[in-house]
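# Breakdown of the fold
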Amino acid sequence: MLLKVVILGDSGVGKTALLNQFVNNRFSTSYKATIGADFLTKEAFCGANARSVAIDETLVTLQIWDTAGQERFQSLGVGFYRGADVCILVYDITQPKSFENLDTWRIEFLTQASPSDTQNFPFVVIANKLDRENDRRVATQRAQTWCAKNSTSILPFFETSAKAATEVEAAFRKAAQLALSQGTMQADFIPETISFRGSPANGDSKSSCC
Amino acid sequence: MALRQSNGAPSVEQQPRYLAEASRRVQEQGFYAKKACGARDLPGALRHSSDMLRELRTSLLTPRNYYELYMKVCDELRHLDQFFQQLVADGTPAADIYERAQACGDVLPRLYLLITAGAVYVKTMQAPARDILHDLVEMAKGVQHPMRGLFLRHYLAQACKDALPDTGSKFEGDGGDVSHAVDFILRNFGETNRLWVRMQNQGPASQKKRREEERKQLKILVGTNLVRLSQLEGVDESRYASDVLPPLLEQVVNCRDAIAQPYLLDCIINVFPDEFHLATLDSFLTCCTQLRDKVCVRSILEAMMRRLANGARQEDSEVLGPPGAFDAFDACASRLVEEKKEALKVADLIQLRAALLEFAVECYPGELEYVQRCLAQTSAAIMNDVVGDDAMELETLLLAPVSSQQMTLASLLTLDDIAPLTRRLPIEQRKNVARRCLRRVLDGDDALDSPEAVVKLCAILEPLLCGDDSSMNDEALEKEQTSVASLAHLCRSESTDDVFRVLGTLRRALGKGGSRRTAYTLPALAYRGLELARVANGPEFSARKVFQFVHETATALAGVAPARALRVFLAAALEADAQCLGAISYEFVSQAFILYEDELPDSKAQVKALRSMVGTLLAAENCDAADYDALAAKATQYAAKLFRKPDQCRMVAACSHLFWPPQRVEAVEAPPPAPAAEDDDAATVEDAPPPPPAPKKEGRKRDPKRVLECLQRSLKTADACMTSAQPPISLFVEILDHYLAHLEAGNPLITPKYIAGLVALITEHVETMEAGEAREAVERHYANTRALIKARGVIELD
């Protein structure tokens, strides 16, 4: 089963670093901006129920989309939001602006991805850079209030450090579990008529100058 | 081409329909392909997949919509990829699949299939990565239609990202090494860029604008290759410098395209780490001088400098400016200014200098000369006052040095160009620079240790220190001036003479602020003066001189905030008393008393002030007996004349204590001083001239009769209050407390009989009180007092 996860947040909050920590167990201090969108995949055993024991768990492939936080690096639009099963919103605890922008990211996601049930679409919020606790400028309480305000149920909130690998695994597992329990998987395409010859007459209207 | 509009542009209104139709066909063929995969039918899977891929040959879609369709296709191709891997795992040679994939007649579908099969070929380790990758990147040349080619190459980069012989990957060795991975990506990048640049010149000239718009949307397909390069583990600083950057820059220069050049350089700046940039700055800057005229080199330089400055700001960063980098940027910037003099607006120029300045401040904290140079260049470029964009840029420029954590106060004050530059700004922006500067200086907590430093700092802070303040509301002004006042606490130095000079200079600067500002700033100066008076030991300025300063400051304050001035006078009186400067102390107290009589606005302020006055008098242990008597009598008079009866009652009772002052601990009772030589503290005291003169005057006298008079008068007043609607019984309990205190202090006239009388009176009154909060409060207080009476065994309680 393939679950599509999209990570959003301001430039420099550590989206790529979180993903690299989760998928490759690696962290690099040098900052490299992301251009466009790219995904990494990771297979994981995951249960739809938070309290499930290993026996209920299924093998899922997480396709995690890392995105550019800077708008100018998204010139082709954000078509890749579509079909997402869960969205992870990331901010940097040392940058209040990145926290304030969570609203924008959330709304932008819901507008562009247009999931069938916007009310209950699962989000996970990650407060990154916990290793820089001394420079913290966004209080945990403030983020929790935001989470409570923006969700009818409990919006899971994790304080992580991609650098120290704190809570990264837990946050992604929670995202996967929400995606699974949500059951928003798109129904498979069913053709109107099943033709075993299967070559629709549609090739005529197009150029063939390749 | 039939459905394309006559001008060659995809029809905008038809886009949703085209996309929906194509998507449906992709889904349909994808469905059959998946079905075929499930049935392990390779020919069927390939056939349906190539039918699906034919949809990508469309010319009807705009880049964004084509991207959507392309993503849908990629989703479907992942199933094919899994199927191929499964086949190989089950024994089908990967070479066979690779061969079969090429059977498709149409070139675009064939290449997508070939790439998918090729990636599996490499990933299953059945062919050396380097050969297959080389094959694929060459074969992709078969598609020369720009948009289709760009997406095909994007797919190539995407599908092969896990099949590169990067350092540490399993494809290294027979598959090649990182140099092959680099070569593959560079080739793909080169071809991608060529297709992208070529779009510019295809089609009629009338469509140029639309084409440029489309190109700008497609640019990330080109940039993605650079991201791939930056992700290679095997590309370290030296490989980047020798094998990666030079071919990239060559492409940038040689493509001679005004859209590609700034974009690619922006990508390079962003995707590679700071260390790489610092190691290759010269080549990068050389490239910047070889760009098309239309390219905005300034913003490229700025982006690079800002990136490096940001990197240096990170806490655990070790990236500081390498020798020569600043000069290289500076030279490049100067040459740019020289060459494009006419084209550059003042705002551009300031912006360029601001980026250079920020870079200097953050990356070269020790090199003030760089910062000075930037500021001097800016000063030279600005002849008049600035507004609008120019002002915004100048504000940004000035904020870099004044708010940087890298700047010490001393460094900041060597930058003589700052103050004159701030004067070029409109007042609000000038104020903002001043505020940020003030905050930084206070946070930095570096000492203001010379009058010159104060003068220089105040020149930057000027808009906060004086001028029109009518536009500010009280709250904002209080907040701002409280910060300004904190400067007093930065006046520190080894030498108390220096501190005094600094404080005096600051006093003169802040004194110009007008009454609303000085109400907040003068108290801080005066209290800082009192701290100084305690330790002043300079050859030039003794404690007396400092007290004069405090007196003068408090007198100035009296005109604008009498209640605050009164407290300063009292605090000064105590300080002087502690130093046995009786006359000075008396003068301060007198000033406070004069303010009390003449200036206080209302009875509330009077009560508050009078409490402080009584407290000060009681604490002034060294006060001359005659002076003390006069002052105590005066304070009691004030108390008796208070406007409200309950206030009179309370304050007169409080004044009773003035006639039973605590007795000074006599010098003879003090322990002998420690030997001076062994004790540093003692040595300091020894050094301090002049030693406090031994109190030769008579101590303050006690007068049991006056005490009793006060208490009885207080009682009488309380009694008079009993006629009011809500009789204040609590007053009696308070008076009872005073009686008890005096009894305990040993006043012979205060006998238990008074206590017994009061207790009886209060008990009676309390019982007549209405139930409620007031009664509860009194009862609680009274119960405590009774508990004390009982504990001390003053009288028998029933």
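Residues numbered from 1 in each chain as written. Chains lettered and ligands numbered in written order. Predicted model: local features only at pLDDT ≥ 70, side-chain atom pairs only at ≥ 80, totals over all residues. Heavy atoms only, no water.

## What about the overall build of chain A?
Counted only if it meets this: Secondary structure elements are taken from DSSP: a helix is a run of H or I of four residues or more, a strand is a run of E of two residues or more, and numbering for both begins at the N terminus. Only protein chains enter the accessibility calculation, which uses a 1.4 Å probe. A residue is then buried if its area is under 20% of the maximum for its type, exposed if over 50%, and partly exposed in between. Residue contacts are counted whenever heavy atoms from the two residues lie within 4.5 Å of one another. Shrake-Rupley sampling with a 1.4 Å probe provides the accessible areas, and residues are treated as covered by the protein chains on show and by no other component.
Across its full length, chain A carries five helices and six strands. For chain A, the residues scored as buried account for 51% of the 210 residues in total. Nonlocal contacts in chain A, meaning residues at least 24 apart in sequence, comprise 75% of its contacts between residues at least 6 apart. Accessible surface for chain A amounts to roughly 10,100 Å². Of this, 50% is attributable to carbon and sulfur atoms.

## Some details on the overall build of chain B
How we decide: For the radius of gyration, the atoms used are the C-alpha atoms, and the globule rule reads 2.2 Å times the number of residues raised to 0.38.
Helix and strand counts for chain B stand at 36 helices and zero strands. Over its C-alpha trace chain B gives a radius of gyration of 43 Å, far above what one expects of a compact globule, namely 28 Å for 798 residues. Considered along the principal axes of its C-alpha atoms, chain B spans approximately 125 × 65 × 60 Å. In chain B, buried positions account for 53% of the 798 residues. Here chain B displays about 35,700 Å² of accessible surface, and carbon together with sulfur accounts for 51% of that area.

## Some points on the sheet that holds strand β4 (residues 86–92) of chain A
Residue and element names in this part refer to chain A. Note the cut-off: Pairs of strands are assigned from DSSP output, requiring at least two bridges between the strands. Between the N-to-C directions of two axes lies an angle of 0 to 180 degrees, each axis being a line fitted to C-alpha atoms and, for a helix, fitted only over the stretch in contact.
With mixed pairing, the six strands of this open sheet are ordered in space as β2-β3-β1-β4-β5-β6. At either end of the open sheet lies a strand with only one pairing partner, and these are β2 (37–46) and β6 (157–159). Taking each pair of neighbouring strands and ignoring which way they run, the sheet shows an average axis angle of 25°. Of the strand pairs in this sheet, strand β5 (residues 123–128) and β6 are connected by three bridges, and their pairing is parallel. Residue V125 lies in a different strand from β6, and its bridge partner there is F157.

## With respect to the domain arrangement of chain B
The following threshold applies: Residue ranges assigned to each domain were obtained from an automatic or database domain assignment.
Domain annotation for chain B reports domain 1 (128–266), domain 2 (296–446) and domain 3 (451–601). Taking the mean C-alpha position of each, domain 1 of chain B and domain 3 of chain B sit 69 Å from one another.

## Notes on the side chain of D85 of chain A
To keep it simple, the criterion reads: Neither His nor the chain termini are counted; the positive set is Lys and Arg, and the negative set is Asp and Glu. Should a side-chain nitrogen of Lys or Arg be within 4 Å of a carboxyl oxygen of Asp or Glu, the pair is scored as a salt bridge.
With respect to the secondary-structure elements, D85 of chain A resides in the loop between β3 (58–67) and β4. An unpaired buried charge is present at D85 of chain A: no salt bridge exists, and K4 of chain A, the closest side chain of opposite charge, is 8.1 Å distant.

## Regarding the packing of helix α8 (residues 178–199) of chain B against helix α10 (residues 237–255) of chain B
Residue and element names in this part refer to chain B. Operational definition: These descriptions rest on fixed angle ranges, namely under 35 degrees for roughly parallel, over 145 for roughly antiparallel, 65 to 115 for roughly perpendicular, and the rest for oblique. All amino acids are sorted into three groups, where Ala, Val, Leu, Ile, Met, Phe, Trp, Tyr, Cys and Pro are nonpolar, Asp, Glu, Lys and Arg are charged, and the leftover types, Gly among them, are polar.
Viewed as axis vectors pointing N to C, α8 and α10 meet at an angle of 10°, and their least axial separation amounts to 11 Å. Considering their axes alone, α8 and α10 lie roughly parallel with respect to each other. Facing α8, whose interface residues are V178, S179, V182, L186, F189, G190, N193 and V197, α10 presents R239, D243, V244, P247, L248, Q251 and C255. When grouped by side-chain class, the residues that make up the contact of α8 with α10 number nine nonpolar, four polar and two charged.

## Points about the pattern of salt bridges
Residue and element names in this part refer to chain B. Going through the model one piece at a time under the given rule, you end up with 59 salt bridges over all chains. Of the charged contacts, one joins E76 and K34 as a salt bridge, the two residues approaching to 3.9 Å between their closest N and O atoms. Taken together, the positions of E76 in helix α3 (residues 63–89) and K34 in helix α1 (residues 15–38) put the pair 42 residues apart, joining distant regions of the chain. E76 gets classed as buried once you look at its relative accessible area, which sits at 16%. Accessibility expressed as a relative area gives 30% for K34, which makes it partly exposed. The salt bridge partner of R194 is E191, with a shortest N-O separation of 2.8 Å. Note that R194 and E191 are positioned in helix α8 at a spacing of three residues, about one turn of the helix. Note on R194: relative accessible area 37%, which makes it partly exposed. Linked through salt bridges whose partners overlap, the residues forming this network are R298, E302, R306, D348 and E358.

## Things to note about the confidence of the model for chain B
Residues and elements named next belong to chain B. What counts is decided by this rule: A residue's pLDDT is simply how confident the predictor is in it, with values from 0 to 100.
Averaged over every residue, the pLDDT of chain B is 90; residues scoring 70 or more account for 94%. Confidence scores differ between elements of chain B, with helix α32 (residues 680–687) showing the lowest mean pLDDT of 40 and α10 the highest of 97. Per-residue pLDDT stays below 50 along residues 667–689; that stretch engages in four contacts with residues further than four places along the chain or on separate chains.

## Considering the packing of aromatic side chains
Selection rule: Ring pairs are drawn from Phe, Tyr and Trp, using the six-membered ring of Trp, whenever the two centres fall within 6.5 Å, and their geometry is named by plane angle: stacked under 30 degrees, edge-to-face over 60, tilted for the rest. A ring has a charge above it when a Lys NZ or an Arg CZ is no more than 6 Å from the ring centre and no more than 35 degrees off the ring normal.
By the definition in use, this model includes 32 aromatic pairs over all chains. Pairing Y81 of chain A with F109 of chain A gives two aromatic rings, centres 5.4 Å apart and planes at 40°, and the pair type is tilted. Here Y81 of chain A, found in the loop between β3 and β4, pairs with F109 of chain A, found in helix α3 (residues 102–113); they are 28 residues apart in sequence, far enough to count as distant. Note on accessibility: Y81 of chain A and F109 of chain A belong to one class, buried. On the numbers, 5.0 Å between centres and 55° between planes, the contact of Y70 of chain B with F151 of chain B is tilted. Taken as a pair, Y70 of chain B in helix α3 and F151 of chain B in helix α7 (residues 146–159) lie far apart in primary sequence, 81 residues in all. Taken as a pair, Y70 of chain B and F151 of chain B share a single burial class, namely buried. By way of ring pairs, the aromatic residues F39, W65, F80, Y81, F109, F121 and F123 of chain A are connected into one cluster. The positively charged end of R215 of chain B is found above the aromatic ring belonging to W196 of chain B, 4.6 Å away from the centroid.

## Considerations on α7 of chain B
Spelled out, the test is: An expected span of 1.5 Å times one less than the residue number is assigned to each helix.
For α7 of chain B, which comprises 14 residues, the first-to-last C-alpha distance of 20 Å matches the rise-based estimate of 20 Å (1.5 Å per residue) to within 8%. Summarising burial for α7 of chain B: 14 of the 14 residues are buried, a large majority.

## Considerations on helix α26 (residues 543–558) of chain B
Given 3.6 residues per turn, any residue in an α-helix points the same way as the ones three and four places further on. With 16 residues, α26 of chain B extends 22 Å between its outermost C-alpha atoms, agreeing within 8% with the 22 Å of an ideal straight helix rising 1.5 Å per residue. Where α26 of chain B is concerned, the buried positions are A543, V546, F547, F549, V550, T553, A554, L557 and A558 of chain B.

## Some remarks on the packing of α26 of chain B against helix α27 (residues 562–578) of chain B
All names here are of chain B. To keep things clear, this is the line we draw: Two helices cross in a left-handed way if the nearer one is turned anticlockwise from the farther one by less than a right angle. They cross in a right-handed way if the turn is clockwise.
One can describe the packing of α26 onto α27 by two numbers: an axis separation of 8 Å at closest approach and a directional angle of 165°. Classified by the angle their axes make, α26 and α27 are roughly antiparallel. Judged by the sense of rotation from one axis to the other, the crossing of α26 with α27 is left-handed. Of the residues in α27, those in contact with F547, V550, H551, A554, T555, L557 and A558 of α26 are P562, R564, A565, V568, F569, A572, E575 and A576. Looking at the contact of α26 with α27 residue by residue, the class counts come to 11 nonpolar, two polar and two charged.

## Digging into the state of the cysteines
Condition: The rule for a disulfide is simple: a pair of cysteine sulfur atoms within 2.5 Å.
Within the structure shown, the criterion is met by zero disulfides over all chains. In this structure C147 of chain A is a free cysteine whose sulfur lies 12 Å from that of C87 of chain A, the closest cysteine sulfur available.

## Concerning unusual backbone geometry
Residues other than glycine seldom take positive phi values, yet N25 of chain A does so here, at roughly 55°. Positionally, N25 of chain A belongs in the loop between α1 (15–24) and β2.

## As for the pairing of β5 of chain A
Residues and elements named next belong to chain A. Stated precisely, the cut-off is as follows: By definition, the crossover connecting two strands over a helix is right-handed if that path, from the first strand to the second, turns clockwise as seen with the strands pointing away from the viewer.
Most of β5 sits out of view: six of its six residues are buried. Because side chains alternate across β5, one face comprises the buried residues F123, V125 and A127, and the other comprises V124, I126 and N128, equally buried. Where β4 and β5 come together, six bridges link them in parallel fashion. Considered in β5, the bridge of C87 is made with F123. Between β5 and its parallel partner β6, the chain crosses via helix α4 (residues 140–149), and the hand of that crossover is right-handed.

## A few points about the environment of A159 of chain B
Residue and element names in this part refer to chain B. By the secondary structure assignment, A159 is in helix α7. In this structure A159 comes out as buried when scored by relative accessible area, which is 17%. Along the sequence, A159 and C296 sit 137 residues apart, while their C-alpha atoms lie 35 Å from each other. Those residues in contact with A159 that lie beyond four places of it in its chain are I115, A119 and K123.

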